[in-house]
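Architecture at a glance
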Amino acid sequence: MSLDLKGTEAQTLSTFKKHRPSEYFSHINTKESFEAHNSRVENLYRFGLTFPPEFFSDKSLIDLGSGTGENTLSLAKWGAKCTLVEMNPDAVKVSKDVFKSHTSNFNEHVFINSSIYDLDVRPLKNSFDISHSRGVFTHVADKAKAFHILASLVKPGGYVIYGDRNTCGGIQEMLQRLAIYKIGGTNDEKIVEIAEALFSEDIDRSQRVIPRTREAIIFDRWVIQQQDDPSVEEVLNMFESEGLEYVSSWPKIDFHGRGVSAQEDPRNLEALKNGSRTVENLWMILNNGEEENIPTYDNEYYKILVLVSQNLRNLQIGTAIDLSGLKNDFSLLKEQASNSLEFPSKVFHRLSIFHSEVETFIDLILKNKELSDIRKAIDDFEILFKGYAGVRHVDYIGYKPK
């Protein structure tokens, strides 16, 4: 299958030139907004990824798809000498302004206006201590090729920092896209209108966590068309194919029962791939926080879940989808959960509610119900589109052996 690298690239660039999704504090432009963002980034690296800020001191780092540079900035302030690669010239300008305002060594950083695929990697291969890309490859047409480029840039003995959304954790977001497009969201203005009407609480919650503009959130989730989120297994397979060893992640892909002995090799990727299926099940219905991550296991259920998530994957305006079949798939999931899963009762109860609510939601779209009817159903839901609405982003650390 040929992949439209440049067409997808052009569409993504067009969308994000209208609203830049990586503006986390620059649009507010206060000391307080930067400090709040920097604190979030430090918490992620120090306590989530267990990759402390001190490790970045005097390291060379390249960031692919660096956007406005606002995530990279913290790494620079921790001592990294950064090369930022970004195809949006408007975002490159913001990143330069941000670095000038918040670093004392602006001239030690390099800014390259290029797409990932157009970057001349020949002089850059094996030359960085850290290669970095977060929230970018989900928007490219060939994730494996982009990841190969990312991995090729880091020295042996260096680290790859990679982050993207998750297939199962993003099911609720894909269902939101399904509703928006089927109701009539075929252009930017209509998508914004429907998103605000149906999912305003989700946008509110996102703004409370990270104060982006509402338009940036909507464009990042629902206007952007290429949104191809990998599973944990796919990411670990990319690690394997590029000779990288898994180090850590946040949210954790670890499962209860992993590492039962200090003598076990923590690099057991097959255990992580299989065990993470349980984690992904729970990411799908995550609404209120970590207390919901109660592990459980079942392969038959997961097989159906994979089919459902693949059918909804990368849903775009023109995607043809069998709504009756999709509704039936969620009925099968509910039946499998009831008949074969040994879930703790709280998790089973939540999954059962979730699948029923998805059936109701799809049925409303199938019957061409009015926007107000769908909004009323969402108000009455207990799990679907409430709180976190799944797990949208997962970061990974990989090590390139010497």
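This text gives an overview of the structure that appears in the document. These figures come from a predicted structure and were not determined experimentally.

Quick notes on the overall build of the chain
The secondary structure content of the chain amounts to 14 helices and seven strands. Against the compact-globule benchmark of 21 Å for 402 residues, the chain has a radius of gyration of 21 Å, which places it among compact chains. Projected onto its principal axes, the C-alpha positions of the chain cover 60 × 55 × 45 Å. Evaluated residue by residue, the chain yields a buried proportion of 55% over its 402 residues. Residue pairs at least 24 apart in sequence account for 76% of intrachain contacts in the chain once pairs closer than 6 positions are excluded. Approximately 17000 Å² of the chain is accessible, and the part contributed by carbon and sulfur atoms is 49%. Where the 47 positive side-chain charges of the chain centre and where its 59 negative ones centre are 3 Å apart.

Some points on the packing of aromatic side chains
Applying the stated rule across the entire model yields 19 aromatic pairs. Relative to Phe-56, the ring of Phe-51 has its centre 5.5 Å away and its plane inclined at 80 degrees; by these criteria the two rings are edge-to-face. Looking at Phe-56, the relative accessible area reads 0%, which means it is buried. Each residue in the set Tyr-45, Phe-51, Phe-55, Phe-56, Trp-78, Tyr-159 and Tyr-399 is aromatic and connected to the rest through ring pairs, giving one cluster. When the ring centre of Phe-55 is taken as reference, the NZ or CZ atom of Lys-59 above it lies at 4.4 Å.

Observations regarding helix 7 (residues 188-209)
Taking 1.5 Å of rise per residue, the 22 residues of helix 7 would be expected to cover 32 Å, yet its terminal C-alpha atoms sit only 24 Å apart, more than 12% below that figure. Its side-chain oxygen placed 3.2 Å from the backbone nitrogen of Glu-189, Asn-187 serves as the N-cap of helix 7.

Topic: the side chain of Ser-60
Following the sequence through the fold, Ser-60 ends up in strand 1 (residues 60-64). The exposure class of Ser-60 is buried, given its relative accessible area of 18%. Beyond its immediate sequence surroundings of up to four residues, Ser-60 is in contact with Lys-81, Ser-127, Phe-128, Asp-129, Ile-130 and Lys-155.

Some details on the packing of helix 7 against helix 14 (residues 371-380)
Between two packed helices, the angle of one axis relative to the other and the distance separating the axes together describe the packing. Direction vectors running N to C along helix 7 and helix 14 enclose 10 degrees, while the axes themselves pass 9 Å from each other. Looking at the two axes, helix 7 sits roughly parallel to helix 14. Packed against helix 7, whose contacting residues are Ile-194, Ala-197, Leu-198, Phe-199, Ser-200 and Glu-201, the element helix 14 presents Leu-371, Ile-374, Arg-375, Ile-378 and Asp-379 at the interface. Considering only residue class, the contact of helix 7 with helix 14 consists of seven nonpolar, one polar and three charged.

Things to note about the packing of helix 3 (residues 70-77) against helix 4 (residues 89-102)
Helix 4 packs onto helix 3 with a crossing angle of 30 degrees between their chain directions and a minimal axis gap of 10 Å. By the angle between their directions, the pair helix 3 and helix 4 is classed as roughly parallel. Seen from above, helix 3 lies across helix 4 with right-handed handedness. Between helix 3 and helix 4, the residues in contact are Glu-70, Thr-72, Leu-73, Ala-76 and Lys-77 and Val-94, Val-98, Phe-99 and His-102, respectively. Among the residues making up the contact of helix 3 with helix 4, the classes are represented as five nonpolar, two polar and two charged.

Focus on the sheet that holds strand 5 (residues 154-164)
If you trace the seven strands from one edge of the open sheet to the other, you get 3-2-1-4-5-7-6, paired in mixed fashion. Of all the strands in the sheet, just strand 3 (110-113) and strand 6 (245-250) have a single pairing partner and so form its edges. Strand after strand, the sheet turns through a mean of 15 degrees between neighbouring axes, direction not considered. Of the pairings in the sheet, the one linking strand 1 to strand 4 (residues 128-134) comprises three bridges and is parallel in character. Looking at strand 4, one finds that Leu-61 is bridged to Ile-130. Strand contacts of helix 5 (residues 143-152): strand 1, strand 4 and strand 5, with the helix running at about 140 degrees to strand 5, the strand carrying the most contacts.

Focus on helix 4
Between its first and last C-alpha, helix 4 extends 20 Å over 14 residues, near the 20 Å set by a 1.5 Å rise per residue. Taken residue by residue, helix 4 has Ala-91, Val-92, Val-94, Ser-95, Val-98, Phe-99 and His-102 as its buried positions. The buried residues of helix 4 all sit within an arc of 160 degrees when viewed along its axis, so they share a single face. Residues of helix 4 that are exposed and angled more than 90 degrees away from the buried face: Lys-93, Lys-100 and Ser-101. Here the buried face of helix 4 lies against helix 2 (31-48), helix 3, strand 2 (81-86) and strand 3. Residue Asn-88 occupies the N-cap position of helix 4, its side-chain oxygen lying 3.0 Å from the main-chain nitrogen of Asp-90.

Here we look at the nonpolar core
Formed by 51 residues in total, the largest nonpolar core has its most connected members in Leu-175, Leu-178, Leu-312 and Phe-361. If you tally residues by element for this core, the top one is helix 13 (residues 345-366), at nine residues. Apart from residues no more than four positions distant in its own chain, Leu-178 is found in contact with Leu-312, Leu-315, Ile-321, Leu-323, Leu-326 and Ile-365. Among the nonpolar cores identified, the runner-up in size contains 40 residues, and Phe-147, Leu-150, Ala-151 and Phe-255 belong to it.

Things to note about empty space enclosed by the protein
Any empty space left between the atoms is revealed when a probe the size of a water molecule rolls over them. This model, assessed by the stated rule, comprises one cavity of 30 Å³ or more. Taken as a whole, the largest cavity holds about 40 Å³ of empty space. Looking at the largest cavity, the residues that line it are Thr-167, Ile-171, Met-174, Asp-229, Ser-309, Leu-312 and Arg-313. Within the residue set of the lining of the largest cavity, elements represented by two or more residues are helix 6 (171-183) and helix 11 (299-312).

What to know about the pairing of strand 1
Among the five residues that make up strand 1, five are buried, leaving the element largely enclosed by the rest of the structure. Where burial is concerned, the two faces of strand 1 agree: the one with Ser-60, Ile-62 and Leu-64 and the one with Leu-61 and Asp-63 are both buried. Relative to strand 2, strand 1 is paired through five bridges, and the arrangement is parallel. From the neighbouring strand, Leu-64 faces strand 2, where its bridge partner is Val-85. In terms of handedness, the path from strand 1 via helix 3 over to strand 2 forms a crossover that is right-handed.

The rules behind the values
Residues numbered from 1 in each chain as written. Predicted model: local features only at pLDDT ≥ 70, side-chain atom pairs only at ≥ 80, totals over all residues. Heavy atoms only, no water. Helix = DSSP H or I, 4+ residues; strand = E, 2+ residues; numbered from the N terminus. Rg over C-alpha atoms; globule rule 2.2 N^0.38 Å. Buried < 20%, exposed > 50% of the residue type's maximum accessible area, 1.4 Å probe, protein only. Contact = heavy atoms within 4.5 Å. Areas by Shrake-Rupley, 256 points an atom, 1.4 Å probe, with all protein chains shown as cover. Lys, Arg positive; Asp, Glu negative; His and termini not counted. Charge placed at Lys NZ, Arg CZ, Asp CG, Glu CD. Phe/Tyr/Trp six-rings, centres within 6.5 Å; stacked < 30°, edge-to-face > 60°. Lys NZ or Arg CZ within 6 Å of the ring centre and 35° of its normal. Expected span 1.5 Å × (residues − 1). Polar contact = N/O pair within 3.5 Å; in protein donor to acceptor, adjacent residues only side chain to side chain. Axes fitted to C-alpha atoms, helices over the stretch in contact; angles between N-to-C directions. Parallel < 35°, antiparallel > 145°, perpendicular 65-115°, else oblique. Nonpolar A, V, L, I, M, F, W, Y, C, P; charged D, E, K, R; others polar. Left-handed = near helix turned anticlockwise from the far one by under 90°. Pairing = 2+ DSSP bridges. Arc of directions from axis to C-beta. Core = buried A, V, L, I, M, F, W, Y, C linked by side-chain atoms within 4.5 Å. 1 Å grid on protein atoms, 1.4 Å probe; cavity = no way out; pocket = protein on both sides within 12 Å on 5 of 7 lines; lining within 4 Å. Points joined across faces, edges and corners; volume = space filled by probe spheres on them. Right-handed = clockwise from strand over helix to strand, strands pointing away.

In short, shape yes, function no, at least from these values alone.
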